[in-house]
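In case you want the letters, here they are:
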Amino acid sequence: MKSLRLLCAGFLLLVSVLASSVLADDAVVLTIDGRIAGDTAVDFTLADLQALGVERIETTTPWHDGAMVFEGVSLSRLMEHVGAQGDKLTAIALNDFYTEIPLSDAEAYGVLLAYRANGSILTVRDKGPLFVIYPFDRYPDLRNELYYSRSIWQLRRLTVK
Amino acid sequence: MMDGFSRIGETLVGKVRLLAIMVLGGLVLVIIVQAEAVLTTGEAVNRSMRYDIAMNGLNGKLDAANALERVSRFAATGAPEDAQAARLFHNILLSRIDTWSAGAFGNFVASSPERVALLERVRAQVTSLSPLYAQIEDPGVLDEIRGTLAEAVSGLTQIGGQAMMSNLTEAAEIRETLRERQRFQNALVMALIVFGAVLLAMMSFQARGLRLARESAERSARKFEQVAQRDPLTQLANRLAFDAALDKAIVEGDAGAGQLAVFAIDLDGFKAVNDMLGHAAGDSLLVSVARRLEEIVGGWGGDGLVSRLGGDEFTVLTRVPNGAPQAKARAQEMIDGLHAAHGLDHGNIVVNVTIGFALVDAQTVDADAVVQNADLALSHAKAAGKGRSQVYDASMREDATRRQLIEAGFSCALSRGEIVTHYQPQVEMATGRIVGFEALARWRHAELGWIPPSEFIRIAEASGRIAEIGEHILRSACRDASLLPQDVPVSVNLSVAQLARADLPGRVASILEETGLPPERLKLEVTESMVMSDSRRALATLRRLKALGVWIALDDFGTGYSALSYLRDFSWDELKVDRSFVQTLESDAQSLLIIRSIVELAQRLDISVTVEGVETPSQCALLRRAGCRVAQGFYYGHAVPAGELAGQLLRSFARVPLLEKPDLLGKGA
């Protein structure tokens, strides 16, 4: 019996772990505020983002072995969608990591807010749910500390300034 | 010397060129090295820009600390959202450990086996916590999580610290590399500057070389110009410079400074100075004359030009505000100035100069014509007597033109027979019979009419045609004489040019043979001056002529030196007393005495005598009384053409009985 109880407990644990790592469909993954249309913060679920169209970047990064195929929403498309007025973004991650991204990068390099890598949805453990991706292979000039630092993962909030 | 300079210049330029090529090569090399250095530096800079593992390490340490802190917070509050946050940060920590295992950070970890082992241990610890997070509300589990997490945080902090250290070391290496590169590049820049400076220096050196070469070329060009325009002996302007100056002065016109005057100056007896004192003395004299002329001309003010055209010919070009009289005065000034003794190393020399001058007037625009005019005036001055000056006048040009016409006409005259032989009778005064004729050349020019023999003979002598004319006269005289009814002799004058020819006796012999005239009927007349110039040779030729049987007469006797030695050295057949004695016979008692003495002397030497220029009966009477037998002159008849000779001859013979035939040979008078 004891072993059965243990087994049951193990099953429950597995379910809860799965529940904690896989977000619910209506969970907010991104909040955008600052100088945007309406001046009120806008929340996005994964479905909202997917509704804005899928873009794709294939590139290597300093954090992965081998080339990766990222899919997500185009940052410039997203900015257009929220009616961004500023010239830079401050980006904050789940662990409060902070970085700044010039808005011009979005247009110039086709920066992506990736939610899928190599076909799989990004979890927190995979640096999801949103990972800012620059096309490092297409523009070798981007392969430096500055752009690496802008490539924030586990992105949670964007503020247009 | 100039050649040497240019050769040195060439080698110098060649060396500089080689150096310049070497320096340029060096420059290119330095630039290549510099480019390579810049590339290497760029690489170092790129490396410094590459992914910074320190950041990842630091954030990893934070993630670990956060995970621990969230668990502790939940332990304190027990709030469900803190439990949620603890689970989120657990996942974030797991994600970090994944990040450290891949990519650039993965490479860093892999570089040390201990680090790999440490990370694997931490990964195992943190992963093992995942099921426990589901039961985080259980205090026992919570303690276990905190215990294990604290150990894991320690390991993560260690790896994060190592990453930072590694990054610092690498940064230091990169800095050192960059610093080295910088030093190297500084050295290269110095090298570039040095090469550039050397190149600049060489360029300026070469430019200097070129400038020097150009200056040298200009100098030599100036020198050549000077040489070309200077008479090397006297340093006076030469003909070229004189002509240029004259042309220029003529073009400039009067300009109020007065008429242009050209003086042609000739030293009298310069040849004698050269012959007697040597060429060095002659040259010294020319230099002295040059200096004195410059002094005199300089004294006139203005821009007079003294030049030497060659030999002893000098010219002076000057302006005379007061025209011809002033030019004349200046000519005299030069004559007087140059007449003062020239003190030379060889002693004092006094020279006379003769000057011809011409003025440039409105009609004269031709420089050559002005110089010719001055020369013509000089010729006239010389002819009129040396040591004087003569201004050009238009008649001189006419004379010159006539002279040219005469000179050009000789060839035609001989071929067309314009030059003919006329004969003047020689008469035995006692009987009036003709005892001979003197052949005289007469020329009736197609344009100029009769030309006096004195004129054309002189021109023929000067132009070298006299020998031809002389032979023509000799041949016609021999032929005409051979056709005469009486066996009278004919006298023919020889020219110095004929006498100088060694084949003269042969030519005379062939003419005699050709015409059939017996040699004893030909008298050849020579003057004392002709014999004087080369008496040994001349006398030898005369002896050979005499050997043919021809008579030889000494013409114009009594003038010149009348050296009696000639009477001893050659056995003359006849003396012809100069007409000057006859002309002064009536006025000057001395003349008569001289003629008497000559006749007596000739008689003793067994030489016959003929007097020339008898024009009056009283002269005739005086001469007869002086013992003269044969005479010639207008009193007895002018020269006539050959056709009239026979008649004259017969008429003269008709006066006396034929039995009293004159002594045709005229000997033993």
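These remarks concern the structure in this document.

Procedures and definitions
- Residues numbered from 1 in each chain as written.
- Chains lettered and ligands numbered in written order.
- Predicted model: local features only at pLDDT ≥ 70, side-chain atom pairs only at ≥ 80, totals over all residues.
- Heavy atoms only, no water.
- Phe/Tyr/Trp six-rings, centres within 6.5 Å; stacked < 30°, edge-to-face > 60°.
- Helix = DSSP H or I, 4+ residues; strand = E, 2+ residues; numbered from the N terminus.
- Buried < 20%, exposed > 50% of the residue type's maximum accessible area, 1.4 Å probe, protein only.
- Axes fitted to C-alpha atoms, helices over the stretch in contact; angles between N-to-C directions.
- Parallel < 35°, antiparallel > 145°, perpendicular 65-115°, else oblique.
- Left-handed = near helix turned anticlockwise from the far one by under 90°.
- Contact = heavy atoms within 4.5 Å.
- Nonpolar A, V, L, I, M, F, W, Y, C, P; charged D, E, K, R; others polar.
- Patch = residues over 30% accessible without salt bridge, like charges linked within 9 Å, V, L, I, M, F, W, Y side chains within 5 Å.
- Areas by Shrake-Rupley, 256 points an atom, 1.4 Å probe, with all protein chains shown as cover.
- Salt bridge = Lys/Arg side-chain N within 4 Å of Asp/Glu carboxyl O.
- Polar contact = N/O pair within 3.5 Å; in protein donor to acceptor, adjacent residues only side chain to side chain.
- Buried area = accessible area lost by both parts, 1.4 Å probe.
- Pairing = 2+ DSSP bridges.

This next bit is on the packing of aromatic side chains. Counted under the stated rule, the structure contains 20 aromatic pairs over all chains. Relative to Phe131 of chain A, the ring of Phe70 of chain A lies with its centre 6.0 Å away and its plane at 70 degrees, an arrangement referred to as edge-to-face. Here the residue Phe70 of chain A occupies a position in strand β4 (residues 68-74), and Phe131 of chain A occupies one in strand β9 (residues 131-133), the gap between them amounting to 61 residues. Just as Phe70 of chain A is buried, Phe131 of chain A falls in that class too. Here the aromatic rings of Phe263 of chain B and Phe357 of chain B are separated by 5.3 Å at their centres, their planes lie at 35 degrees, and the arrangement is tilted. Of this pair, Phe263 of chain B sits in strand β1 (residues 259-268) while Phe357 of chain B sits in strand β6 (residues 352-360), and the two are 94 residues apart along the sequence.

On to the packing of helix α12 (residues 394-416) of chain B against helix α13 (residues 453-463) of chain B. Relative orientation and spacing of two packed helices are given, respectively, by the angle between their axes and the distance between those axes. Residue and element names in this part refer to chain B. Where α12 contacts α13, the two axes come as close as 10 Å, and the packing angle between them is 70 degrees. It follows that α12 is roughly perpendicular to α13 by the angle criterion. At the point where α12 passes α13, the crossing takes the right-handed sense. In this structure, α12 contributes Arg402, Arg403, Ile406, Glu407 and Phe410 to the contact, and α13 contributes Glu455, Phe456, Arg458, Ile459, Ala460, Ala462 and Ser463. When grouped by side-chain class, the residues that make up the contact of α12 with α13 number 6 nonpolar, 1 polar and 5 charged.

Burial runs high along strand β12 (residues 522-527) of chain B: 6 of the 6 residues are buried. The side-chain alternation of β12 of chain B yields two buried faces, one formed by Leu522, Leu524 and Val526 of chain B and the other by Lys523, Glu525 and Thr527 of chain B.

It is worth spelling out the packing of helix α16 (residues 504-515) of chain B against helix α18 (residues 535-548) of chain B at this point. Residues and elements named next belong to chain B. Two numbers describe how α16 lies on α18: the axes approach to 9 Å, and their chain directions differ by 25 degrees. In terms of axis orientation, α16 runs roughly parallel to α18. Our pair here, α16 against α18, has a crossing hand that is right-handed. For the pair α16 and α18, the contacting residues are Leu504, Pro505, Val508 and Ala509 in the first and Thr541, Arg544, Leu545 and Leu548 in the second.

Here we take up a nonpolar patch on the surface. Residues and elements named next belong to chain B. On the surface, Leu29, Val33 and Phe184 cluster together into a nonpolar patch covering about 250 Å² of accessible area. Assignment of secondary structure puts Phe184 in helix α6 (residues 139-229). Assessed through its relative accessible area of 35%, Phe184 is described here as partly exposed.

Here we come to the side chain of Asn238 of chain B. Residue and element names in this part refer to chain B. Tracing the backbone through its elements, the reader meets Asn238 in the loop between α6 and α7 (239-252). In this structure the side chain of Asn238 is engaged in a polar contact, spanning 3.1 Å, whose partner is the backbone nitrogen of Leu240. Leaving out residues up to four positions away in the same chain, Asn238 has contacts with Val227, Ala228, Gln229, Arg230, Asp231, Ser307 and Arg308.

Residue-level contacts link 31 residues of chain B with 20 residues of chain A. In this assembly, chain B packs against chain A so that about 2100 Å² is buried in total across both faces, 56% of it on carbon and sulfur atoms. Taken together, chain B and chain A are joined by 1 salt bridge. Measuring nitrogen to oxygen at the nearest pair gives 2.9 Å for the salt bridge that ties Arg125 of chain A to Asp98 of chain B. Seen at the junction of chain B and chain A, the total is 7 residue pairs in polar contact (both at pLDDT 80 or more). Elements with a contribution of two residues or more to the side of chain B that touches chain A: α2 (53-77), α3 (80-101), α4 (103-110) and α5 (113-134) of chain B. Per element, the largest residue contribution to the side of chain B that touches chain A is 11 residues, and it comes from α3 of chain B. Residue classes in the side of chain B that touches chain A are distributed as 13 nonpolar, 10 polar and 8 charged.

Cis rather than trans, the peptide bond between Gly128 of chain A and Pro129 of chain A has omega equal to 0 degrees. Take Pro129 of chain A: it is sitting in the loop between β8 (120-121) and β9. Non-glycine residue Asp39 of chain A carries a positive phi angle of around 60 degrees. By the secondary structure assignment, Asp39 of chain A is in the loop between β1 (28-34) and β2 (42-45). Backbone geometry at Gln235 of chain B places phi at a positive 65 degrees, although glycine is not the residue there. With respect to the helices and strands, the residue Gln235 of chain B is situated in the loop between α6 and α7.

Let us now look at the sheet that holds strand β2 (residues 305-310) of chain B. Residue and element names in this part refer to chain B. What the 5 strands build is an open sheet, ordered β2-β3-β1-β6-β7; its pairing is mixed. What marks the edges here is a single partner per strand, and that holds for β2 and β7 (389-391). Each adjacent strand pair in this sheet contributes to an overall mean axis angle of 20 degrees, direction not counted. Sheet topology places β6 next to β7; 3 bridges connect them, and they run parallel. Directly across from Phe357, in β7, lies its bridge partner Val391. Lying on the sheet, helix α9 (residues 279-299) is in contact with β1, β2 and β3 (313-320); it crosses β3 at an angle near 0 degrees. Across the face of the sheet, helix α11 (residues 367-384) comes into contact with β1, β6 and β7 while running at roughly 145 degrees to β6.

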